[in-house]
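Residue-level structural notes
Below, each chain spelled out in residue letters.
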Amino acid sequence: MTSRYDSKRILVTGAAGFLGSHLCERLVAQGHDVLGIDNYFTGRRSNVAHLLGQTNFEMMRHDVTFPLFVEVDEIYNLACPASPVHYQYDPVQTTKTSVHGAINMLGLAKRTGAKILQASTSEIYGDPDQHPQTEEYWGNVNPIGPRSCYDEGKRCAETLFFDYHRQNNVRIKVMRIFNTYGPRMHPEDGRVVSNFIMQALTGQPITIYGDGNQTRSFCYVDDLIDGMMKLMQSPDEITGPINIGNPGEFTIRQLAEKIVEMVGNEAKLVFRDLPVNDPMQRRPDIGKARSILGWQPTVELEQGLVKTIRYFRTLVREKEPA
Ligand code: NAD
Ligand code: UDP
């Protein structure tokens, strides 16, 4: 617990989402005064329901594309749908969320003097031709494709963060998050880990897009939140960008086979078209996170999947008729 004097007023945008809810839980447990905001596009009240009874937690319905006037010491800017299915549902709103949202939150940081962390993404590297991806790599991004609303929106947000830093001395932290999974992902989120687990648990075929040889690196949520909080607490001269993710790399087919085996049923694999501009490989170089933050992931894929499968199994059981 933090003493009354160390306790900060912390704003978390996207608080009812997957990562936001885990972050709020950790900040509340440390004794900070936490204000969560969300427009509930992909987030759910149930993700933060267990925090609502705490006197140091408060939720507000608010869309980050509109200005917000509150007094805070730190801002974690997580608001933005992260699943390709959801961010492509209303691409204009996705860009607005990243760009107008960043401007509004940076404006708030400038006025209040708050430190601000941006949840950026490995997607800013696009379909990378450098492997693994270091922070120096500028990326290979299609500016006009179906993923661009997210990729370019997040790239522009990074630009805004560094310009507010150079122009207005705003204290910034830019974190490039690689694929993260764990309890509280939306069961219909559309991302690969939740899709495969839900399909395996409900006896549906596992949908592999393309031939399944594309790779991703999967970070368990607890590790990711550790990295996020360490970055926020680092000295002001550490602005990032900094990669946070698990460097273990798996093909999507390997992931499917692992999940089927762990769920323990006979779900068959089916192959569907690969979505346009789907990156072929992705793995973070986390040298900077290791040396600057002293951070590295500790949860192996299988350990994290056990906890995630348990969470989704409970959800499925709750839906079953008694
Ligand atoms: P999520 O979809 O579960 O959470 C996003 C939250 O933001 C939701 O609660 C949603 O309702 C809210 N939101 C969306 N638009 C909003 C708006 N205009 N105003 C207010 N709230 C809004 O996704 P997540 O996995 O928790 O991702 C959180 C952040 O981390 C996102 O910014 C995402 O881009 C980034 N990120 C996540 C991953 C990952 O693997 N989970 C990877 C890279 C980056
Ligand atoms: N994918 C898949 N089947 C699914 C969902 C996703 O094969 O049901 C693939 C997707 O094409 C991509 C990878 O899994 O190659 C990761 O997809 P996700 O949407 O989780 O995140 P991305 O890293 O693409 O943003």
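Summary of the structure given here. As the structure is a computational prediction, the values presented were derived from the model and not from experiment.

Moving on, we come to the site of ligand 2. Surrounding ligand 2, one finds 18 residues, the nearest of these being Thr-207, Tyr-209, Arg-216, Asp-278 and Arg-282. One of the backbone nitrogen or oxygen atoms of Val-192 is found 2.8 Å away from an oxygen atom of ligand 2. Thr-207 places a main-chain nitrogen or oxygen 2.6 Å from a nitrogen atom of ligand 2. Look at ligand 2: alone it shows 520 Å² of surface, and the protein chains cover 96% of it. For the shell around ligand 2, the elements supplying multiple residues, two or more each, are helix H5 (192-201) and strand E8 (206-209). When its residues are assigned to classes, the shell around ligand 2 shows seven nonpolar, five polar and six charged.

Moving on to the layout of surface pockets. By volume, the second largest pocket is sized at about 150 Å³. In terms of lining, the second largest pocket is formed by Ile-124, Glu-135, Tyr-137, Trp-138, Arg-155, Glu-158, Thr-159 and Arg-176. A per-element tally of the lining of the second largest pocket places helix H4 (residues 148-168) first, with three residues. The residue inventory of the lining of the second largest pocket, partitioned by class, reads three nonpolar, one polar and four charged.

Attention now moves to the packing of aromatic side chains. Under the counting rule described, the total for this entry stands at six aromatic pairs. With a centroid separation of 6.1 Å and an interplanar angle of 40°, the aromatic rings of Tyr-125 and Phe-178 are classed as tilted. Residue Tyr-125 is found in the loop between strand E5 (115-121) and H4, and its partner Phe-178 is found in the loop between strand E6 (172-177) and strand E7 (180-181); the two are separated by 53 residues along the sequence. You can call Tyr-125 buried: its relative accessible area is 1%. With 5.2 Å between their ring centres and 75° between their planes, Tyr-311 and Phe-312 make a pair best called edge-to-face. Taken together through their ring pairs, the aromatic side chains of Tyr-125, Tyr-137 and Phe-178 make up a single cluster. Over the ring of Tyr-40 we find Arg-45, and its NZ or CZ is 4.5 Å from the ring centre.

This paragraph deals with the site of ligand 1. Lining the immediate surroundings of ligand 1 are 30 residues, of which Asp-38, Thr-42, Tyr-150, Lys-154 and Thr-180 lie closest. Here an oxygen atom of ligand 1 and a side-chain polar atom of Thr-42 are 2.6 Å apart. Bound to the protein, ligand 1 loses 97% of the 820 Å² it would expose on its own. Elements represented by at least two residues in the shell around ligand 1 include exactly helix H1 (18-29), helix H3 (91-112), E5 and H4.

So, about the packing of H1 against helix H6 (residues 221-233). For the pair H1 and H6, interaxial distance at closest approach is 10 Å and the crossing angle is 65°. Crossing handedness for the pair H1 and H6: right-handed. Note on element contacts: H6 touches H1 through Val-221, Asp-222, Leu-224, Ile-225, Asp-226, Met-228 and Met-229, opposite Phe-18, Leu-19, His-22, Leu-23, Arg-26 and Leu-27.

Right, let's talk about the packing of H5 against helix H9 (residues 301-319) for a bit. It is the contact of H5 with H9, at a shortest axis distance of 10 Å, that shows an interaxial angle of 55°. In terms of axis orientation, H5 runs oblique to H9. Seen from above, H5 lies across H9 with right-handed handedness. Facing H5, whose interface residues are Val-193, Ser-194, Ile-197, Met-198 and Leu-201, H9 presents Leu-305, Thr-308, Ile-309, Phe-312, Arg-313 and Val-316. Taken together, the residues of the contact of H5 with H9 sort by class into eight nonpolar, two polar and one charged.

About the criteria used
- Residues numbered from 1 in each chain as written.
- Chains lettered and ligands numbered in written order.
- Predicted model: local features only at pLDDT ≥ 70, side-chain atom pairs only at ≥ 80, totals over all residues.
- Heavy atoms only, no water.
- Near = heavy atom within 4 Å.
- Polar contact = N/O pair within 3.5 Å; in protein donor to acceptor, adjacent residues only side chain to side chain.
- Areas by Shrake-Rupley, 256 points an atom, 1.4 Å probe, with all protein chains shown as cover.
- Helix = DSSP H or I, 4+ residues; strand = E, 2+ residues; numbered from the N terminus.
- Nonpolar A, V, L, I, M, F, W, Y, C, P; charged D, E, K, R; others polar.
- 1 Å grid on protein atoms, 1.4 Å probe; cavity = no way out; pocket = protein on both sides within 12 Å on 5 of 7 lines; lining within 4 Å.
- Points joined across faces, edges and corners; volume = space filled by probe spheres on them.
- Phe/Tyr/Trp six-rings, centres within 6.5 Å; stacked < 30°, edge-to-face > 60°.
- Buried < 20%, exposed > 50% of the residue type's maximum accessible area, 1.4 Å probe, protein only.
- Lys NZ or Arg CZ within 6 Å of the ring centre and 35° of its normal.
- Axes fitted to C-alpha atoms, helices over the stretch in contact; angles between N-to-C directions.
- Left-handed = near helix turned anticlockwise from the far one by under 90°.
- Contact = heavy atoms within 4.5 Å.
- Parallel < 35°, antiparallel > 145°, perpendicular 65-115°, else oblique.

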